[in-house]
Amino acid sequence: MPQYEIYAIRYAGPFTSSGAFLMWHKDWEKTEKRNYYIWCIKGAGETVIVDAGVAPELANKKYLSGYVNPAEILSRIEVKADEVRHVIITHIHWDHTSGVELFPKATFYIQDEEYRFWLKNPIARRPCFEYVSDKTSQDYLASLEGTDRLSLLKGDQTILSGIECLLSPGHTVALQAVAVNTAKGVAIIGSDCAHIFRNYREDWPSSLIVDLVGWMRTYDNLRAKASSLDLIFPGHDPLMSQNYPEVAQGITRLV
Ligand SMILES: [Zn+2]
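Residues numbered from 1 in each chain as written. Predicted model: local features only at pLDDT ≥ 70, side-chain atom pairs only at ≥ 80, totals over all residues.

1. Description of the sheet that holds strand β9 (residues 176-182)
Logical step 1: Taken together, five strands build an open sheet; the order of strands is β7-β8-β9-β10-β11 and the sheet is mixed. Looking along the sheet, the strands with just one partner apiece sit at the ends: β7 (157-160) and β11 (232-233).
Logical step 2: Bridge count for β7 against strand β8 (residues 163-167) is three bridges, and the pairing is antiparallel. By the bridge assignment, L160 is partnered in β8 with I163.
Logical step 3: Here helix α9 (residues 212-225) sits on the sheet and contacts β8, β9, β10 (185-189) and β11; the angle it forms with β10, its principal contact strand, is near 150°. (Pairing = 2+ DSSP bridges. Helix = DSSP H or I, 4+ residues; strand = E, 2+ residues; numbered from the N terminus. Contact = placed C-beta atoms within 7 Å. Axes fitted to C-alpha atoms, helices over the stretch in contact; angles between N-to-C directions.)

Dropping the structure here:
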């Protein structure tokens, strides 16, 4: 089976918030930092991007500190965003999805249930959901429906040999994590199944919970699938930029 490397691409941050945002309902008195990331899987002649980050227009609107266009950062490791063929969207929160237009030739892989919730379910128009979503990128995805640029997955599915999307609900109705065959075994890009490594180590969720029972089952699944706990990567932990070799500005090789 092919082996791949995984790169963390930091496109914004750091941001400071209450620790309770990263460790649900704990650490209210602490402040913690978080970064915003996408990931790049490279190997066997393939490049797969996980999440689309944020496009410049929305970054301006939200005053994202430390923001750099994800396409510009990717170019530092010779990845041309406008030529990328595969983009896995883990979930349809604005910080993971709103850069879809940066990948004009890509097929987007999204869980069908996630897509249908955000684009078709009136509950997603309620304030607490609109707060974490972005209409422009949802309209863009809707325009791709029925074409070969939108691949709606039903549960766990291998998209290329050694790269499998894993249905992982909890943070959203149908978030997907990505299991990747690497030189160290199976690693998992967990996205927001955890904001930080501590969530996995302490068996404790982060925040924006839609299904706490599902979240715990997701932890069981991801732990069973990964070759070790150290190979499950969270969505927003600054340690991804600090504890791994930096291969270019803003880019570290996780495995
Ligand atoms: Zn996120």
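2. What to know about the sheet that holds strand β3 (residues 46-50)
Logical step 1: Judged by pairing direction, the sheet is mixed, and its eight strands sit side by side in the order β6-β5-β4-β3-β2-β1-β13-β12 without closing on themselves. The sheet is open, and its two edges are formed by β6 (150-153) and β12 (246-248), each paired on a single side. Between one strand axis and the next, the sheet turns by 30° as a mean value, whatever way the strands run.
Logical step 2: The pairing of β12 with strand β13 (residues 251-253) spans two bridges and is antiparallel. Among the inter-strand pairings, A248 is bridged to a residue of β13, identified as I251.
Logical step 3: Sitting on the sheet, helix α5 (residues 112-120) touches β5 (107-111) and β6, and the angle it makes with β5 is about 85°.

3. Regarding α5
Logical step 1: For α5, the full list of buried residues reads E113, E114, Y115 and W118.
Logical step 2: Where α5 is buried, its residues meet β5, α7 (135-144) and β6. (Buried ≥ 20, exposed ≤ 12 C-beta atoms within 10 Å, placed from the backbone.)

4. Looking at unusual backbone geometry
Logical step 1: Backbone torsion omega between G13 and P14 reads 5°, so that peptide bond is classified as cis.
Logical step 2: For P14, the location among the structural elements is in strand β1 (residues 5-18).
Logical step 3: Within the chain, S191 stands out as a residue other than glycine whose phi angle is a positive 45°.
Logical step 4: Classification of S191 as buried rests on a count of 29 C-beta atoms within 10 Å.
Logical step 5: The backbone of D203 sits at a positive phi, close to 55°, despite the residue not being glycine.
Logical step 6: Considering the arrangement of structural elements, one finds D203 in the loop between α8 (197-201) and α9.

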